Amino acid sequence: MNGRDLVRSVKAVASVGAAQGVRTVRAAWRRRRADATGLAARGAERARVPGPVREVEPGPGGGVVRFSRSDLRILVAVNGAVFWGWDGAEPEPSYALAGRCPEPDPRAVLEPDKDGGWRVVAERVTVVVSRLGAVEVRTPGGVTLRRDLPPRWWEPVDGGPARWMQRSEVAADARFFGLGGRASGPRLPDGTYRLWNTDPGHAFGPGDDPLYITMPVQLVVADGGTHLVFHDSTWDGTVILREGEEGAGSGHDRAGTSELRMDGGPLRCWVMVGTPARVLLAWASLTGAPALPPGWALGHHHARRGFGSEQEVRRIVAGYVEHRLPLDALHLGIDHLDAHQVFTVDQDRFPKLSVLAEELRRDGIRLVSIVDPAVKAVPGNAVYDGGTAEDAFVRDASGQVVEGVVWPGEAVFPDFTHARVREWWGALHEERLAQGFAGFWHDMNEPTSFTAFGESTLPRSARHALEGRGGDHREAHNVYALCMARAGFEGVLRLAPEERPFVFSRSGWAGMHRYGGTWSGDVATGWPGLRASLALVLGLGLCGVPYSGPDIGGVDGDPSPELYLRWFQLGSLLPLFRTHASARAGRREPWEFGPEVLEHARVALMERRRLLPYFVTLAHLARRTGAPYVRPVWWTAPEDRALRDCGDAFLLGDCLLVAPVLDPGVDRRVVQLPRGRWYDTLTERAYEGPAQVLVDAPLSRIPVFARAGAVLPVRGEDGGLELEVWAPARGRTGSGLVVPDGGEGWDEPEIERYTARWMGARVVVEREGEDGGGGPPHPVRVRGTEKRRA
């Protein structure tokens, strides 16, 4: 034991108590011994590069380029995405892909290029391969977006997985986004980012990395164009990013660089080129449509790690009713479980949970249950006994079931990379549905435990099915939560096929959006935590996860009334709108922060309720197009450099721009507006962009702007759907999309398309469709017609 191990052991004992602490230390040493015996020591390695081109084999959508020491397969798919894989790597199998690989584009042909290289020319992209293995991605106009230098492998002389490195160059003006949930974003600063899903073990802020969701997905935005690159390897790795620098005067540009180092797995990637919207559409067509949340999940959620009892739940609900605050979902944490064991109920604290759930549902409030993967390892526990009979739990290299320490104590972990285990786990949700739960909150599923935060619960040598291929935890760790989400989603779907499942998960990987969304995890209480909350939502959206949100107020302390309100105002305009605190933190009910905060929070809640039809529309559009609800302000103008550097505002769909207050003591703030006319939604004052404008941001509200010409579906005073139309500039037209609420089932309502234009002294709104259009079937309210210019 070295000094660092001793400190960790003492902290573990201090943080969870003597008995539990001793168990955590013992589990940590078990894990270390398992890896010492189950993983071969890494000895001498042999470096390798592709070498020069030897021959080529053209094929559908591209072909194979053979080098002296490696092969490169190139495929242009019919959706415009480009795949290439080294050393025989194919697109499948992949946890990221939804189904089979897309068909190749028959028009894309591998043909000779200059200097002994080869190229594949497609409609949206050209891929050029040099004679030594560098790969360039170019626009149809010939602009180079990305240049991958020849890769390098380090292969153990005695056999085993090879490490590899891929260096890439991008334009000097390019900006990096994505890599999953990163607290330092949304624009990723220069630095090293780890690709290993991690519970940091404490409340995090902008300086903490990695976090719960890491993805080898980069979105790169430059003057020449936008591209997304996905390196499809689930192994541990790092990405080193460095932005470029444009030369001054006669100086040369310094390219931006990305260096990806992986501990194993195939060297293969996908690249998508185009506008941000086109890129995310191609990504969704590759990885699957985002899950469509039920309508109630777009309302207000309230959670605690522990409500304590049914009486406390009723008291909280009564508080919302008393203070005239709408509430759509209550989340029950681990305190409602019997001894913290998953799929049980503490009958002393919650003796009539199903009755409570039915009463709340009649009042329009759903219950959401926490679900952790850890299963208490005690004979007589029905889940443990059933899992043992199914041989469902992860084993180490010697064949022994792996044990860790989590909330229930000594625990074992299902192998969600096995289809049979996923089916068994999914069927266990019948008990949750019988108790009246309508949604499921996956936690602690990196997986993590109290053995040593920052490390996996499971030994890296632990064995996993990996869909029949077999492998160890080095390959399975990052997709463990993804597979758990799949098990929960598909299980609930089988048990209640008439309703859309609601699952959101703390951890995940590329493709997790097929099964639900996520939340921030344990974000620190404080202004830096507020800023990190927005960064996470924006970054995840650009990686194809449109439904997410933070724990409003942070989890580890008592926010000031000002901080709580500013966080609440931001959260009310994010997809997942949830107040939550851990057992160590104070309460998060709005009335706990005084009458002024209560009144302003009520305004934010009522505005969220008014905007629910818009959120429903955004959810349907995300499912059909992959576009996130929350988008960076450069979404429609990625060539605008000022917008690319703006991380303190966002677009909510196409219609609204939100400028939250992220610092204390602020009552005015600067907002960077994209091109066009924008209306302050409170004052209806018009501003012309692109411009920086200084606007009021009193404690009562955060600035929100509507795009001129926007047709916005909102909830009218009678509860029905109403169209809020913001007058287009004279001589211009506006438009908007509306997807009516189709209920909680699987019907996909038709998209209604509307246009707005001036006709004389008034704005006319027409619905596109049969017979060349017609009047809208909903009431219309036109705003912004009075001349109020900034």
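Residues numbered from 1 in each chain as written. Predicted model: local features only at pLDDT ≥ 70, side-chain atom pairs only at ≥ 80, totals over all residues. Heavy atoms only, no water.

What to know about the overall build of the chain
Basically, it comes down to this: The helix and strand labels rest on DSSP assignments: H or I over at least four residues marks a helix, E over at least two residues marks a strand, and numbering proceeds from the N terminus. Each residue gets one of three labels from its accessible area relative to the maximum for its type: buried under 20%, exposed over 50%, partly exposed in between, using a 1.4 Å probe on protein chains only. The contact definition used throughout considers only heavy atoms, calling two residues in contact when any of these lie within 4.5 Å. Per-residue accessibility takes into account occlusion by the displayed protein chains alone, with areas from the Shrake-Rupley method and a 1.4 Å probe. Only four residue types enter the tally: Lys and Arg on the positive side, Asp and Glu on the negative side, with His and both chain ends excluded. Where a charge lies is defined by one atom per residue type: Lys uses NZ, Arg uses CZ, Asp uses CG and Glu uses CD.
Counting its regular elements, the chain contains 15 helices and 43 strands. With the C-alpha coordinates of the chain rotated into their principal frame, the extents come out at 80 × 75 × 50 Å. Sorting the 790 residues of the chain into buried and exposed places 60% on the buried side. For the chain, restricting intrachain contacts to residue pairs at least 6 apart in sequence, the fraction spanning at least 24 positions comes to 68%. Here the chain has roughly 29400 Å² of accessible surface; of this, 50% comes from carbon and sulfur atoms. Here the chain contributes 95 positive and 101 negative side-chain charges, whose respective centroids are spaced 3 Å apart.

A word on unusual backbone geometry
Cis geometry is adopted by the peptide bond preceding Pro93, which originates at Glu92 and carries an omega value of 0°. Tracing the chain through its elements places Pro93 in the loop between strand 5 (82–86) and strand 6 (109–112). Phi at His340 takes a positive value of approximately 65°, unusual for a residue other than glycine. Note that His340 resides in the loop between strand 21 (329–332) and helix 5 (353–362).

Concerning the pattern of salt bridges
In plain terms, the rule: Salt bridges are defined as contacts in which a side-chain nitrogen from Lys or Arg sits within 4 Å of a carboxyl oxygen from Asp or Glu.
Considering all chains together, one arrives at 64 salt bridges under this definition. In this structure, Glu688 and Arg677 form a salt bridge, with 2.6 Å as the shortest nitrogen-oxygen distance. Of this pair, Glu688 sits in strand 36 (residues 686–696) while Arg677 is found in strand 35 (residues 668–680), placing the two residues 11 residues apart along the sequence. Since its relative accessible area comes to 16%, Arg677 is described here as buried.

Remarks on the packing of aromatic side chains
Stated precisely, the cut-off is as follows: Stacked, edge-to-face and tilted are the three classes for Phe, Tyr and Trp ring pairs, Trp counted by its six-membered ring, which pair at centre distances within 6.5 Å; planes under 30 degrees apart are stacked, over 60 edge-to-face, the rest tilted. In this scheme, Lys NZ or Arg CZ marks a charge over a ring once it lies within 6 Å of the ring centre and within 35 degrees of the ring normal.
Applying the stated criterion across every chain, the model contains 26 aromatic pairs. Look at Phe393 and Trp424: their rings are 6.1 Å apart centre to centre, the planes differ by 85°, and that puts the pair in the edge-to-face class. Here Trp424 lies in helix 7 (residues 419–427) and Phe393 lies in the loop between helix 6 (382–389) and strand 24 (404–406), a separation of 31 residues in the sequence. Given the relative accessible area of 6%, Phe393 is considered buried. Directly above the aromatic system of Trp153 lies the positively charged group of Arg48, at a separation of 4.2 Å from the ring centroid. Stacked on the ring of Trp758, the Lys or Arg Arg730 has its end atom at 3.6 Å from the ring centre.

Points about the pairing of strand 4 (residues 71–76)
Note the threshold: Two strands pair if DSSP finds at least two bridges between them.
Sheet topology places strand 3 (residues 62–67) next to strand 4; five bridges connect them, and they run antiparallel. Across the sheet, Gly62 pairs through a bridge with Leu75, a residue of strand 4. Hairpin connection of strand 3 to strand 4: three residues between the antiparallel strands. Between the end of strand 4 and the start of strand 5, which pair antiparallel, lie five residues, with Gly80 showing a positive phi angle near 90°.

Considering the nonpolar core
Short version of the rule: Residues grouped as a nonpolar core are buried Ala, Val, Leu, Ile, Met, Phe, Trp, Tyr and Cys residues, joined through side-chain atoms within 4.5 Å.
Trp270, Trp425, Tyr629, Phe650 and Leu652 are the most contacted members of the largest nonpolar core, which totals 191 residues. Of the residues forming this core, the biggest block, nine residues, is contributed by helix 11 (residues 527–542). Among residues more than four places away in sequence, those in contact with Trp425 are Val342, Phe343, Val371, Asp372, Pro373, Val375, Pro414, Phe416, Met484 and Ala487.

Regarding the pairing of strand 18 (residues 256–262)
Along strand 18, five of the seven residues are buried, which leaves the element largely enclosed by surrounding structure. Bridging between strand 12 (residues 163–170) and strand 18 involves seven bridges; their strand directions are antiparallel. Each residue of the ladder has a partner; that of Val170, found in strand 18, is Gly256. Here six bridges tie strand 17 (residues 237–242) to strand 18, and the two strands are oriented antiparallel to one another. The residue bridging Leu241 from the neighbouring strand is Ser258, located in strand 18.

Regarding the sheet that holds strand 34 (residues 656–658)
Sheet architecture is open: six strands sit in the order 32-33-34-37-35-36, paired in antiparallel fashion. Single-partner strands in this sheet number two, and they are strand 32 (630–631) and strand 36. Sheet topology places strand 35 next to strand 36; 10 bridges connect them, and they run antiparallel. What sits directly across from Arg677, in strand 36, is Glu688.

Things to note about helix 7
Listing the buried residues of helix 7 in full gives Val421, Arg422, Trp424, Trp425 and Gly426. On its buried face, helix 7 is in contact with strand 22 (366–371), strand 23 (375–376), helix 6, helix 8 (429–434) and helix 10 (480–495).

Comments concerning helix 3 (residues 276–287)
Our working definition: To estimate the expected span of a helix, subtract one from its residue number and multiply by 1.5 Å.
Taking 1.5 Å per residue, 12 residues should reach 16 Å; helix 3 reaches 16 Å between its end C-alpha atoms and fits that length. For helix 3, the full list of buried residues reads Pro276, Val279, Leu280, Ala282, Trp283, Ala284, Leu286 and Thr287. Contact partners of the buried residues in helix 3: strand 15 (214–222), strand 16 (225–231), strand 19 (268–274), helix 11 and helix 14 (612–625). Two residues or fewer after helix 3 comes Gly288, characterised by a positive phi angle close to 110°.

Quick word on the environment of Phe437
Structurally, Phe437 can be placed in strand 26 (residues 437–442). We classify Phe437 as buried; its relative accessible area is 2%. With 191 residues separating them along the chain, Phe437 and Glu246 place their C-alpha atoms 56 Å apart. Not counting residues within four places of it along the chain, the set of residues in contact with Phe437 comprises Leu332, His336, Leu353, Leu367, Val368, Ser369 and Arg432.

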